[in-house]
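Residues per chain, in single letters:
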Amino acid sequence: MGNRVFTSCKLLTDSLLMRPRGVDHPHADRAPLLPDPQAEPPSHAHTSDKTVQAGVQSSQVYPDLILSSTTAHGFSPKCRRASPAFDIAGFEDGLGGEAVPSVQEEGGVNRETQRLVDCEPESGGLPHALDEVTGQVEDRDCPPWVWQADPRPECTDCGEDNTPYSEETPLEKADPAEVAEREKITGLGSWSELSSCSPECGLLQEGGAREGRTKQPCAELVATDDHPPGDGLCRRSPLNHGLAALPALDLVAPRPESARRGGKRDSPVGSAPPRTNDRGLKGTRRQADGKVAGMLSPPCCSELPVTAEGASQHATALRRRSKRKRLLHAEPAHSSGMPLVNGDSGHSHTEAEDHNEKGEGETRADDGNDQEVIVIQDTGFTVKMHAPGIEPFDLQVSPQEMVQEIHQVLMDREDTCHRTCFSLQLEGNVLDNFSELKSIEGLQEGSNLKVVEEPYTVREARIHVRHIRDLLKSLDPSDSYNGVDCNSLSFLSTFTEGDLGENGKRKRKGSELEQIDCTPPEHILPGSKERPLLILQPQTKDAKPLQCLKVLTMSGWNPPPGNRKMHGDLMYLYVVTAEDRHVSITASTRGFYTNQSTTYSFNPKPANPSFLSHSLVELLSQISPTFKKNFAALQKKRVQRHPFERIATPFQVYSWTAPAVEHAMDCVRAEDAYTSRLGYEEHIPGQTRDWNEELQTTRELPRKNLPDRLLRERAIFKVHSDFAAAATRGAMAVIDGNVMAINPGEETKMQMFIWNNIFFSLGFDVRDHYKDLGGDNAAYVAPTNDLNGVRAYNAVDVEGLYTLGTVVVDYRGYRVTAQSIIPGILEREQEQSVIYGSIDFGKTVVSHPKYLELLEKTARPLKIQKHNVLNDKSEEVELCSSVECKGIIGNDSRHYILDLLRTFPPDLNFLPVEGEELPEECTNMGFPKEHRHRLSCLRQELIEAFVEHRYIVFMKLAALQLMQQKANKQEKECPAVTENGGSSPADGNATESSKALSEDGKAEGTLCGLDQTRNLAESIASEDETVDPKSKEVILNACKAVGSISSTSFDIRFNPDIFSPGVRFHDNSCDEVEKQKQLLKDAAAFLISCQIPSLIKDCVDHTVLPMDGATLAEAIHQRGINIRYMAKIVEYVSKSQARQQLDHIHKLGITELITRSAKHIFRTYLQGVELSGLSAAISHFLNCFLSSFPNPIAHLPTDELVSKKKRNKRKARHLGNVDNTAWASTTPQELWKNISNETKSYFNFTIECESVDQAVERYGLQKISLLREICVKSGIQILLKEYNFDSRHRPTFTEEDILNIFPVVKHVNPKASDAFHFFQSGQSKVQQGFLKEGCELINEALNLFNNVYGAMHVEICACLRLLARLNYIMGDNNEALNNQQKAVLMSERALGVDHPNTIQEYMHLALYCFANGQLSTALKLLYRSRYLLILVYGEDHPEMALLDSNIGLVLHGVMEYDLSLRFLESALTINGKYHGTKSLKVAMSHHLVARVYDSKAEFRSALQHEKDGYTIYKNQFGENHEKTKESSEYLKYLTQQAVALQRTMNEIYKNGSNASILPLKFTAPIMSSVLEQLNVINGILFIPLSQKELENLKAEVHRRQALHDTFCIAEQENSAEGTGTESDHGKSQAIVETSTAQASA
């Protein structure tokens, strides 16, 4: 492939995939070393050897890449007995998230069984489901697909028929006896392929837990009212937050004592807890009652607590397994070629295609049975390590590990961390670093491995110094504040004080309740107007780490002269100890020693004594007692920190605030800034990284089976994260003027740059390229459109089609596009290079058959129509993309596509076209509007939603006509459907058909009609000649009505060149062009009439609950709505009947409009500022924007006033075209006028305010939130201190308050597809009530995520959060606490300490802390969560009601009644505002307040609140409902208490001191009762079931199973399809209807 990196290093790296960046490694930027993409995948019993080698090799050098048993060694053979005697899937039949119990029996004894139901059914009794396109949770009027509910469920994402493999869908031709034997062994049907929907849908539903995998229905998520917002998992979202949120689990939750799993896990990746195989089975999985135990992660050999002794191995504990196994199978490629819809998957799937795909998979497999899983166990063993200077110690290893991994463990251990240059020897033989331990002769249990010090080289000496520097800085947060080397902040340990988990429980044991300090800080109390900023980043006593040395730097005497090199001198160091002793040190081949040099005289001879030591730490410990003492203390603290606080994040996270940090001398930082790391990699001498070769080679890696795909995805992710980091550094260097342009003679704006093999261009219209499209405005938006196109084509992932690595960086007001370089592109003119597409927007167009072939594979998933355009000679040219898309064959013979800015069709609402009229829905809203550029495109999410909507219309129309044909039984034509009547006619017909069906009462007929339609469409698509012509006409009419490009199947695609200026079509294609125009108009109308109202509805229902601008933008984008529609959303909210319930959306919308408009102005403002005036200019802008001070004066840099000539000289070098002192004349009045004009011109919204104070008063905003939003959006970092915004006597900000300006980076996020599919399968299981199976699948997903992403990623955070919730539901509070702690740390590190997700993670952790008896910690976490929400948004937010209820309940539990009342009454007020005074949340709040008044013996107040709650329950449910009765009973009790108290008082008044007083009963809160209430308000309720109820449930299960079987038989007869194997869930799972009474609990 011409990869110089790979070729030059091949001998060293045969078994090595990559070297990921680690926190302690000296070369954080080294390139990945890629495996040969053409190597054959292994087919023997050691399939995963290369996986192991690559993974181990990576992990031993870098502690942040942690091996999982799944990737390295296949799926774990360990298994636990499946305990359920039978399981019942939650079938939500018109109920609010109602689920049914999973009943467990063991040894014939029924244990107490509990179940979890939705406690707040105020959503109207409808189940929540995941929106097909956006991934948001929404209400549906039908139950989620579960296998017994419908034998042919559709994928909720792309509509594919996800029929479970049953008798009607034969999977393979297998020997019946073999099938029967398999069923007997596994409880499954026949072995089946991994099934998937289309690649863009990404819904591979694997059973995964079994050797035989079955198709699964798509996971439908159910959210409670308390966890609606981001708790739905978007299947297709870009996940800029990753899997930011997880579903609240409304399930059956058995909590028998035996379900609690023992063993605390301190693994940094949060994998499954240790499990034992009490039968010692090898290679098999044990079954119980026909159910298959899911995949279980193998345990670590030794559970390592976070102690000084054990934590040094903490980060690598997961890699050392006592038992390993391998997975051997070659999985088939994802299915493709569905007939019915766009994309590689259809809404239906023919049997023939199933067999085709299977056949292909089998031919690709090395083995005859490509699904066979062979499990091999390798037992771990212990070796004894002998290191110089310390006692020998035992180390647990696995045969699959490499020797190099042991090196990394030793470099991380507290007592050996200072060694870097050593080898390992066994009986005098040096071990090869890249050998597997199992391949070493004589290495066995109890072997002695000796650590032998090796001679240094210059490279090894530099590595050693860098490693020591990293150890000295390991607790220093300055890199996190400065946004360097993927370090970021975490403050969880500040609030928990290390008292989580078992240690915390022991520490807190015996502490009295009265000792807990529960008083919240003043700013936390409800109603407080304080908004302190200092608390955002609390500075602890350890904020300033121990000082070991004053200075450690390279000496000015470097490099050694020739004569000293002959003596072994490698380099010289200069050290100032803590005792102020100045020492010169020589690094030689034998080690480090002090020499006689001083600052001004060179004398390299050894000092007396020289203290020759192999380690620099040993030398410094002899020179400086303070160093010896402090270094030991520092390392003890380092290893006690949680690994998630130490390892690097995959992408840099920047903090918008930072304290004043002293700038210390740092030799490594100085060296990095000016030498090799500006673009060269030390281990590839003289070469820069060939980013394009690396990016493309990783995409060419094999992907036939799971191990291959994991290696490929890990390589793609690693190279991409490195590329993004390098591109960001390069873009900053370009804007800062540190890179030479490749065209220096041209105007500054037109200059282009190459740095580190990356091409950089600025976001300006350099050659009037975008003159007709909006000039500089179009040039500014084109890179993000192009990035979206790259993201889309990468997701489709067609073999042989290549895109460029692309990163868009906004820095200092400039937009820089960074791209990898196509080989040979710089050697020829663009006209000669482009063989496909157009370089002049359609005037000259060329095509190429190979490109057409490749792009045709992407056309279906991307909904792009192949079309012909006319070139300059009026010849037709066939294209399968927009004309701007260019195809270039590089010198490496790869087919590249670039300029993908028009991948998606134009948005006609912002593209006025003469002579074209939009639908009524658009014109009523004032569209079309003239936008400032003509590159407005529809989002991919909207295209998907629109096609899905049209598919539903298509099916309903066809079903109606087929039913009418059947009903009439006449030889008449089916009534014709209006052709291409646009959105409204098609929707209207669908509505009419629905009404007709409902009026006739033919619900069953509807189902038959839809199935008949599906079968008919399949037959037509397969060109079945037996199909009735009238039936064909039905499909034809339906296709016409919805605008399908095919007349025989549903296939909607868009022509991206419609309405493109300069593009011409042939006269013969007029009809087709008109249809495409109508389709675009319908899509624009769909956005206005469906998507925006749907968003507003979800906001009213609180299924979408954004807290800041980022989460609001994310919710909008997930529905395919662009930010330019923000004003329309705000207008919708303003006019909504539920205006009060949408108040938070209105405020967030206004905040977004203001801050985005300010950002647009700030961008232009910064372009007129030279570097020396940046801090003054930014502080002046912030003063004008946020300060009440009326006349802020800008302080120009002093040299600005020296000479006009000098200033003009500088201007000539400046990138912008604005006078570089014009910013100083900006006033607050002028700025706010400009903001108002910008919101009007860009968003078409009128901001009726002339200053920040008017905006705050009019719209209810808060200045601290506006400051956070503008800083985050623009990359500003300010000093952490308290700011007085309201002073009219002095400005708020000074120059010293502006600490830094960071880049805002946009890039593609590579995905771990297999891990994501496991995650979805686990969610599906959980939603069906199979908690253990779901938990095991999610554990496997966690392991796979770790193998692709390393230990730190937002998607891993999502996994951990769901695991913690499952652990909690199943009674394992300790494990829940462990996993949630990791989720909080990861959210803080990967998203930010004040991100809305972090706020929610803190809340969950507080609940689990309370359940573990850590009340004080729970309160601290809740207070932190409340503070962050106040800072980010303010008090008046729906989520604040939940927070305050939690705080109030915990305070009630610790008998702080007055404080508890303040929070609970605040929650009552907020709930009343956002949910209505008649909602169940308000009733619950009344009850909680009544309980506190009861505890205070204020019975009148308690009575009043409980009466209000009782009234709500009675009105909602009636008098006979359980909740109404409970409230009534409590009312009686309160009345009795009130009467008794009154009698006592009367007695006292009457008889004075002689009164005989009966003792009153005061109810002190019981912790179990408080925990129960906490569970209820957080969406969890455990209900014990009696034996009689269990029997009733069993009877209901059998009844429904019988109905289901009958339905399957009837369906089988109708479909006349072959028989197949029965789904295992047909045996073990059943559906239970639950009552409204249960749902309301």
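Refer to the preceding data block for the structure.
Overview of the structure. Note that the coordinates shown come from a computational prediction; the quantities given were computed from them, not determined experimentally. (Residues numbered from 1 in each chain as written. Predicted model: local features only at pLDDT ≥ 70, side-chain atom pairs only at ≥ 80, totals over all residues. Heavy atoms only, no water.)

## Some thoughts on the overall build of the protein
(1) Moving on: Counting secondary structure elements, the protein contains 48 helices and 35 strands.
(2) Moving on: Every one of the 1641 residues in the protein was classed for burial, and the buried ones make up 64%.
(3) Moving on: In the protein, the share of contacts with a sequence separation of at least 24, taken over all contacts with a separation of at least 6, comes to 74%.
(4) Moving on: Roughly 59,800 Å² of accessible area belongs to the protein as shown, and the carbon and sulfur atoms make up 50% of that amount. (Helix = DSSP H or I, 4+ residues; strand = E, 2+ residues; numbered from the N terminus. Buried < 20%, exposed > 50% of the residue type's maximum accessible area, 1.4 Å probe, protein only. Contact = heavy atoms within 4.5 Å. Areas by Shrake-Rupley, 256 points an atom, 1.4 Å probe, with all protein chains shown as cover.)

## Quick look at the nonpolar core
(1) Moving on: Residues Leu1182, Phe1185, Leu1267 and Ile1278 are the most contacted members of the largest nonpolar core, which totals 279 residues.
(2) Moving on: Every residue in contact with Leu1182, bar those within four places of it in the chain, is listed here: Ser1187, Leu1267, Ile1270, Ile1276, Ile1278, Phe1293 and Ile1298.
(3) Moving on: Listed in part, the 28 residues of the second largest apolar core include Val465, Leu472, Leu552 and Val583. (Core = buried A, V, L, I, M, F, W, Y, C linked by side-chain atoms within 4.5 Å.)

## Remarks on the pairing of strand β18 (residues 582-588)
(1) Moving on: With respect to burial, β18 is a largely interior element, 6 of its 7 residues being buried.
(2) Moving on: Of the strand pairs in this sheet, strand β17 (residues 569-577) and β18 are connected by 7 bridges, and their pairing is antiparallel. Residue pairing across strands places Val575 opposite Val583, the latter belonging to β18.
(3) Moving on: One ladder, built from 4 bridges, connects β18 with strand β19 (residues 591-594); its direction is antiparallel. The residue of β19 that forms the bridge with Ser588 is Gly591.
(4) Moving on: Linking β18 back to β19 in an antiparallel pair, the connection comprises 2 residues. (Pairing = 2+ DSSP bridges.)

## Examining the sheet that holds strand β25 (residues 814-820)
(1) Moving on: Pairing in this open sheet of 5 strands is antiparallel, and the strands run β21-β22-β25-β24-β33 from one edge to the other. Single-partner strands in this sheet number two, and they are β21 (752-755) and β33 (1304-1307). Across this sheet, the average inter-strand angle for adjacent strands is 20 degrees, counted without regard to direction.
(2) Moving on: Taken together, the 6 bridges between strand β24 (residues 806-811) and β25 define a ladder with antiparallel strand orientation. Directly across from Asp810, in β25, lies its bridge partner Arg815. (Axes fitted to C-alpha atoms, helices over the stretch in contact; angles between N-to-C directions.)

## Quick look at the packing of helix α17 (residues 776-796) against helix α19 (residues 849-862)
(1) Moving on: In contact at an axis separation of 10 Å, α17 and α19 are set at 105 degrees when each is read in the N-to-C sense. Relative to α19, α17 is oriented roughly perpendicular. Counted together, Ala792, Tyr793 and Val796 of α17 and Leu855, Lys857, Thr858, Pro861 and Leu862 of α19 form the full contact between these two elements.
(2) Moving on: Partitioning the contact of α17 with α19 into residue classes produces 6 nonpolar, 1 polar and 1 charged. (Parallel < 35°, antiparallel > 145°, perpendicular 65-115°, else oblique. Nonpolar A, V, L, I, M, F, W, Y, C, P; charged D, E, K, R; others polar.)

## Quick notes on the sheet that holds strand β26 (residues 834-836)
(1) Moving on: Here we have 4 strands laid out as an open sheet, ordered β23-β30-β29-β26, and mixed in their pairing. What marks the edges here is a single partner per strand, and that holds for β23 (801-803) and β26. In this sheet, neighbouring strand axes are inclined to one another by 45 degrees on average, regardless of whether the strands run parallel or antiparallel.
(2) Moving on: Relative to strand β30 (residues 895-898), strand β29 (residues 886-889) is paired through 4 bridges, and the arrangement is antiparallel. Residue pairing in the sheet places Lys886 in a bridge with Leu898 of β30.
(3) Moving on: Packing of α19 onto the sheet brings it into contact with β23, β26, β29 and β30, and relative to β30 it is tilted by some 65 degrees.

## Here we look at the packing of helix α21 (residues 940-968) against helix α25 (residues 1070-1100)
In a packed pair of helices, the relevant descriptors are the angle between the two axes and the axis-to-axis distance.
(1) Moving on: Between α21 and α25, the least distance of the axes is 10 Å, while the angle of their chain directions is 95 degrees. In terms of their interaxial angle, α21 and α25 are classed as roughly perpendicular. The residues of α25 that touch α21, namely those facing Leu942, Ala945, Phe946, His949 and Arg950, are Leu1079, Asp1082, Ala1083, Phe1086, Leu1087 and Gln1091.
(2) Moving on: Of the residues belonging to the contact of α21 with α25, the class tally is 7 nonpolar, 2 polar and 2 charged.

## Here we look at the pattern of salt bridges
(1) Moving on: Evaluated as defined, the whole model comprises 71 salt bridges.
(2) Moving on: Between Glu856 and Lys866 there is a salt bridge, with its nearest N and O atoms 2.9 Å apart. With Glu856 in helix α19 and Lys866 in the loop between α19 and β27 (867-870), the pair connects residues that are 10 residues apart, well separated along the chain.
(3) Moving on: A salt bridge links Lys1532 to Glu1529, with the nearest nitrogen and oxygen atoms 3.8 Å apart. Of the two residues, Lys1532 and Glu1529 are both situated in helix α44 (residues 1522-1551); the distance of 3 residues between them amounts to about one turn of the helix.
(4) Moving on: Judged by relative accessible area, Glu1529 falls into the partly exposed class, the value being 49%.
(5) Moving on: Through salt bridges that share partners, Asp1108, Glu1152, Arg1156, Arg1268, Glu1269, Lys1273 and Asp1394 make up one connected network. (Salt bridge = Lys/Arg side-chain N within 4 Å of Asp/Glu carboxyl O.)

## Some words on the pairing of β24
(1) Moving on: Counting buried residues along β24, 6 of its 6 residues qualify, which places the element largely inside the surrounding structure.
(2) Moving on: Both faces of β24 are covered, namely the face carrying Thr806, Val808 and Asp810 and the face carrying Val807, Val809 and Tyr811.
(3) Moving on: What sits between β24 and β25 in their antiparallel hairpin is a turn of 2 residues, with Arg812 showing a positive phi close to 55 degrees.
(4) Moving on: Bridge analysis of β24 against β33 gives 4 bridges, and the strand direction is antiparallel. Within the sheet, the bridge partner assigned to Val809 lies in β33 and is Val1305.

## Topic: unusual backbone geometry
Peptide bonds are trans in most cases, and residues, glycine excluded, mostly fall at negative phi.
(1) Moving on: Residues Asn558 and Pro559 are joined by a peptide bond in cis, for which omega reads -10 degrees.
(2) Moving on: The omega angle of the peptide bond from Phe927 to Pro928 is 0 degrees, so this bond is cis rather than trans.
(3) Moving on: In this fold, Pro928 is placed in the loop between α20 (920-924) and α21.
(4) Moving on: Despite not being glycine, Asp485 shows a phi value in the positive range, around 55 degrees.
(5) Moving on: Mapped onto the elements, Asp485 comes out in the loop between α8 (478-482) and α9 (492-496).

## Some thoughts on the packing of aromatic side chains
(1) Moving on: All chains considered together, the criterion is met by 35 aromatic pairs.
(2) Moving on: Relative to Phe592, the ring of Tyr456 has its centre 5.3 Å away and its plane inclined at 75 degrees; by these criteria the two rings are edge-to-face. Here Tyr456 is found in the loop between β15 (448-453) and α7 (458-472), whereas its partner Phe592 is found in strand β19, with 136 residues between them in sequence. Per residue, the accessibility class of Tyr456 equals that of Phe592, and both read buried. (Phe/Tyr/Trp six-rings, centres within 6.5 Å; stacked < 30°, edge-to-face > 60°.)

## Quick look at the environment of Leu1142
(1) Moving on: Positionally, Leu1142 belongs in the loop between α27 (1126-1135) and α28 (1143-1167).
(2) Moving on: On the accessibility criterion, Leu1142 (0% relative accessible area) is buried.
(3) Moving on: For the pair formed by Leu1142 and Cys1099, sequence separation is 43 residues and the distance between their alpha carbons is 6.9 Å.

## A word on the side chain of Asn1122
(1) Moving on: With respect to the secondary-structure elements, Asn1122 resides in the loop between α26 (1109-1118) and α27.
(2) Moving on: A relative accessible area of 9% places Asn1122 in the buried class.
(3) Moving on: Ignoring anything within four residues of it in the chain, the contact list for Asn1122 reads Asp907, Cys937, Arg939, Leu1087 and Ile1116.

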